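# Secondary and tertiary structure notes
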Amino acid sequence: MPTFFNQRNNFTRYAWFVLGFLILVVLWGAFVRATGSGAGCGSHWPLCNGVVVPRAPRIETLIELTHRLTSALSGVFVLFMLFWAWRLYPRGHIVRRAAAFSALFVITEGLVGAGLVLFEWVADNESVARAISMAVHLINTFLLLAAVSLTAWWAGAQGDYKLQWRGQGRAGRLLAGAVVLLLVLGVSGAITALGDTLFPSGTLREGIAQDFEATAHFLVRLRVYHPIIAVVTGIYLWWVSTIIAAARPGMGALVFSRAIRVLVVVQLAAGMLNILLNVPIWMQLVHLLLADLMWIAVVLLGATTLSQPVEMPQSAALVVPAGD
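Report follows, based on the coordinates. Here the structure is a predicted model, which means the values were calculated and not measured. (Residues numbered from 1 in each chain as written. Predicted model: local features only at pLDDT ≥ 70, side-chain atom pairs only at ≥ 80, totals over all residues. Heavy atoms only, no water.)

Inspection of the secondary structure assignment puts Ser102 in helix 3 (residues 94-118). A distance of 3.4 Å separates a polar side-chain atom of Ser102 from the backbone oxygen of Ala147. In this structure Ser102 touches Val78, Met81, Leu144, Ala147, Val148 and Thr151, once residues within four positions along its chain are discounted. (Helix = DSSP H or I, 4+ residues; strand = E, 2+ residues; numbered from the N terminus. Polar contact = N/O pair within 3.5 Å; in protein donor to acceptor, adjacent residues only side chain to side chain. Contact = heavy atoms within 4.5 Å.)

Given below as structure tokens:
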């Protein structure tokens, strides 16, 4: 009778749980930024205001401390996932590699977060360095979500798979373009959200006027590009998902291509609503959640398109002597 930790179904469910928990941590991190609570623990890391447990903490301190604790817990979850994958799968297995990348990116995620605090690129900081760090943070987060998504997807697949990069032709190039565009869109969205937080406007009209002022801060002037990139990316993703679904009509490709098209419509509508409502915090979180789901859907569409079954070695054929 196999033990709990020797059952792949249990590992698969755990990997999906880790992905869901990570998404919640990402959303809470956005809440930290939107509420200006990034300096809630001062410039101390890993301590909070120089102590392990702050006394009589302010609300900003509680928000930041909660994010640190949940982030640390997510790191423990990912590292345990790696340990479990190494115990369950043989050397060189694709799930092992995906889990290893998950562990790598969760470590770099923690280091980037620590850097934001130690260099004081939080709260009201409006420097170029903070904008760059936000872009790096976003890219690392996307890579972490991709690695954990792939770990869960390949763990639940029937049979063993490998990534086949060569010979994919047009499908591979289209998927690479989708990944690049989504990363650019994500970075522009992170910088736009930072600008909205640091330079809020009372009304939509005031916000639009700020975007085109010659003396406006660079974070404000960059906000106008995000909707343009979003529309271009949405059109491209719709086109790519349709082409890949027709070229690779497997069940996985069909499901994720449809999910991408639905998310494109919902995300563009959410983006318009976010602007019309003058970017309230709750709508920023919804917008980010949809962006994360879009990224995961594209990553898994790529997995279903580029993954090929591993051919199992055939046992020697039984030779029956002639005349028997």
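Quantified by volume, the second largest pocket comes out at close to 670 Å³. Along its surface, the second largest pocket is lined by 24 residues, and Ala146, Leu150, Leu163, Trp165 and Val299 are the ones closest to its centre. When contributions to the lining of the second largest pocket are tallied by element, the ones reaching two or more residues are helix 3, helix 4 (128-156), helix 5 (170-198) and helix 10 (281-306). The leading source of residues in the lining of the second largest pocket is helix 10, at six residues. Among the residues making up the lining of the second largest pocket, the classes are represented as 20 nonpolar, three polar and one charged. (1 Å grid on protein atoms, 1.4 Å probe; cavity = no way out; pocket = protein on both sides within 12 Å on 5 of 7 lines; lining within 4 Å. Points joined across faces, edges and corners; volume = space filled by probe spheres on them. Nonpolar A, V, L, I, M, F, W, Y, C, P; charged D, E, K, R; others polar.)

Evaluated as defined, the whole model comprises three salt bridges. With its nearest N and O atoms 3.3 Å apart, the salt bridge here joins Arg58 to Glu60. Among the ionic pairs, Arg68 bridges to Glu64, the shortest N-O distance being 2.9 Å. Placement of the pair is Arg68 and Glu64 together in helix 2 (residues 59-88), with a separation of four residues, close to one helical turn. Its relative accessible area of 5% is what places Glu64 among the buried residues. (Salt bridge = Lys/Arg side-chain N within 4 Å of Asp/Glu carboxyl O. Buried < 20%, exposed > 50% of the residue type's maximum accessible area, 1.4 Å probe, protein only.)

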